[in-house]
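# Observations on chain architecture
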Amino acid sequence: SSGAYMAVQFHISHSKAVNGSAIFAGGPFYCAESNLEFAQHKCMDNEMGFPNVGSLVALTREDYLLGFVDNPDTHLKHNKVYLFSGKDDSVVKPPVVKALYDYYSAFVAPSNIVAEFNEAAEHCLPTLDYGVECDTLASPYLGKCNFDGAEHAFRQLYGADTDMAGGGFQAALTQDERTSTWLDSNLFAFDQTEYFLNDGLNSIGDVGYIYIPTNCQNGAKQCSLHVSFHGCEQNLELIGNEYAKNAGFNVYAEKNDIVVLYPYVKVSELVPYNPKGCWDWWA
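One structure accompanies this document, and this report is about it. Small disclaimer: the values here were computed from a predicted structure and weren't measured. (Residues numbered from 1 in each chain as written. Predicted model: local features only at pLDDT ≥ 70, side-chain atom pairs only at ≥ 80, totals over all residues. Heavy atoms only, no water.)

## Considering the packing of helix α3 (residues 53-65) against helix α5 (residues 94-105)
The line we're drawing: Where helices are involved, their axes are fitted lines through C-alpha atoms of the stretch in contact, as for all axes, and angles between N-to-C directions lie from 0 to 180°. Elements are defined by DSSP. Helices are runs of H or I of four residues or more, strands are runs of E of two residues or more, and each kind is numbered from the N terminus. If an angle is under 35 degrees, it is roughly parallel; if it is over 145, roughly antiparallel; if it lies from 65 to 115, roughly perpendicular; otherwise it is oblique. The crossing is said to be left-handed when, going from far helix to near helix, the turn is anticlockwise and less than a right angle, and right-handed when the turn is clockwise. Residue contacts follow a heavy-atom distance rule, with two residues in contact if any of their heavy atoms lie within 4.5 Å. The residue classification treats Ala, Val, Leu, Ile, Met, Phe, Trp, Tyr, Cys and Pro as nonpolar and Asp, Glu, Lys and Arg as charged. All others, Gly included, are polar.
Packing of α3 against α5 leaves a shortest axis separation of 10 Å and a crossing angle of 45 degrees. Put simply, α3 runs oblique to α5. The interaxial crossing formed by α3 with α5 has right-handed handedness. Along its contact with α3, which presents Val-53, Leu-56, Val-57 and Thr-60, the element α5 presents Ala-99, Asp-102 and Tyr-103. Class assignment for the residues of the contact of α3 with α5 results in five nonpolar, one polar and one charged.

Structure below.
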């Protein structure tokens, strides 16, 4: 959820540099309108109603005119978008993700959007066979759903009809491939501190992870870059690097020459107050 919202914020803000997004349980750009109550009760549950898509679309275009974001009408049109919402999600209600579908539809060609809302999943990133039971709301928020969210997302983003990775997306079809294709030795920790001001006012952790496929390390002609933002309570302090290892993206990264960057937020009890280690999408 917080990672999904951050991915939307990043995609819209920097659409000139981004070619698509895969969103699991997130809503529209600037949904919270810098209001924590809106974040909780319009952008997660519906105690205050649901996101006003029309006003957020208009605000996005205004933000471009003010120089705050890249031109959404120019840079989003041909992007690929994948949306997922478990129909049993009790944290970010499915109508919020459906509002995101309507939001993206204002800028992206409808044929370029794939949305899956019919899986009986709780609030989680769905996997084939890793994590808690799919109908359970619990850490590490990876759900054993017999549904490979990473494969569905990557197939949409990097499939044969896109130029993002040269086409010819290769899926891992067997259990042996899923467990043996990606290499733990290709998942590297790196120092994040050089990328932010160490002024005590941010929640970026000291360490992030990056998966670099063997072909990319050996100088493959073309490798794509995918940034994967974790959700709340998926931090290194709380579950180690379980998200980077087990969310499911690395096997497809290895087979398709995709570098996957996993930036990490840290838990903070003081300033900024961020006890669940969420990405700040509510500002």
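## Re the sheet that holds strand β2 (residues 80-84)
Backbone hydrogen bonds are what pair the strands of a sheet, in a parallel or an antiparallel way. As a reminder, the rule being used: The pairing criterion is simple: DSSP has to find at least two bridges between the two strands.
Read from one edge of the open sheet, three strands run β1-β2-β3, paired in parallel fashion. The outermost strands of the open sheet, each flanked by one partner alone, are β1 (20-24) and β3 (113-116). Neighbour to neighbour, the strand axes of the sheet diverge by 5 degrees on average, direction disregarded. Two elements, β1 and β2, share five bridges in a ladder whose sense is parallel. Bridge pairing links Ala-22 to Tyr-82 in β2. Packed on one face of the sheet, α5 meets β1, β2 and β3 and runs near 165 degrees to β2.

## Here we look at the nonpolar core
As a reminder, the rule being used: To define a nonpolar core, start from buried Ala, Val, Leu, Ile, Met, Phe, Trp, Tyr and Cys residues and group those joined through side-chain atoms within 4.5 Å. The classification of residues rests on relative accessible area computed with a 1.4 Å probe and restricted to protein chains. Under 20% of the type maximum is buried, over 50% is exposed, and intermediate values are partly exposed.
Counting residues in hydrophobic clusters, the biggest one holds 34 residues, and the most contacted among them are Leu-83, Tyr-103 and Tyr-104. Residue assignment for this core shows that the elements contributing at least two residues are α1 (2-13), α3, β2 and α5. With six residues, the single largest contributor to this core is α5. Apart from the residues lying within four places of it in its own chain, the contact partners of Tyr-104 are Val-8, His-11, Ile-12, Ser-21, Val-81, Leu-83 and Ile-113. By size, the runner-up hydrophobic cluster in this structure holds 32 residues, among which are Tyr-82, Ala-150, Tyr-209 and Ala-253.

## Description of the packing of aromatic side chains
Note the cut-off: For Phe, Tyr and Trp, where Trp contributes only its six-membered ring, two rings pair if their centres lie within 6.5 Å, and the inter-plane angle classes them as stacked under 30 degrees, edge-to-face over 60, or tilted in between. When the NZ atom of lysine or the CZ atom of arginine is within 6 Å of a ring's centre and also within 35 degrees of its normal, the charge is said to sit over that ring.
In this structure the tally under the stated criterion is 17 aromatic pairs. Plain terms: the ring middles of Tyr-103 and Tyr-104 are 6.1 Å apart, the flat faces sit at 70 degrees to each other, and that makes the pair edge-to-face. Tyr-103 gets classed as buried once you look at its relative accessible area, which sits at 0%. Positioned above the aromatic ring of Phe-38 is the side chain of Lys-42, whose terminal nitrogen or guanidinium carbon lies 4.4 Å from the ring centre.

## Observations regarding α5
What counts is decided by this rule: One less than the number of residues in a helix, times 1.5 Å, gives the span that helix is expected to have.
Between its terminal C-alpha atoms α5 stretches 17 Å, which fits the 16 Å expected from 12 residues at 1.5 Å a residue. Of all the positions in α5, only Pro-94, Val-96, Val-97, Ala-99, Leu-100, Tyr-103 and Tyr-104 are classed as buried. Those residues of α5 that are buried lie in contact with α1, β1, α3, β2 and β3.

## A look at unusual backbone geometry
Cis geometry is found at the peptide bond from Ser-139 to Pro-140, where omega equals 10 degrees. Positionally, Pro-140 belongs in the loop between β5 (132-133) and β6 (142-144). Geometrically, the link from Val-271 to Pro-272 is a cis peptide bond, its omega value of -5 degrees lying close to zero. As for its placement among the helices and strands, Pro-272 is situated in the segment after β10 (258-262). Phi at Ala-25 is positive, roughly 65 degrees, even though this residue is not glycine. Structurally, the position occupied by Ala-25 is in the loop between β1 and α2 (36-41). The exposure class assigned to Ala-25 is buried, which follows from its relative accessible area of 5%. Phi angles above zero are rare outside glycine, and Asp-257 is one such case at about 55 degrees. Among the secondary structure elements, Asp-257 is positioned in the loop between α11 (249-256) and β10.

## Some remarks on the environment of Phe-147
Following the sequence through the fold, Phe-147 ends up in the loop between β6 and α6 (149-158). Along the sequence, Phe-147 and Thr-127 sit 20 residues apart, while their C-alpha atoms lie 5.3 Å from each other. If sequence neighbours within four positions are ignored, Phe-147 has contacts with Tyr-82, Phe-84, Glu-116, Glu-119, Pro-126, Thr-127, Leu-128 and His-152.

## A word on α6
Among the 10 residues that make up α6, eight are buried, leaving the element largely enclosed by the rest of the structure. For α6, the set of buried residues is Gly-149, Ala-150, Glu-151, Ala-153, Phe-154, Gln-156, Leu-157 and Tyr-158.

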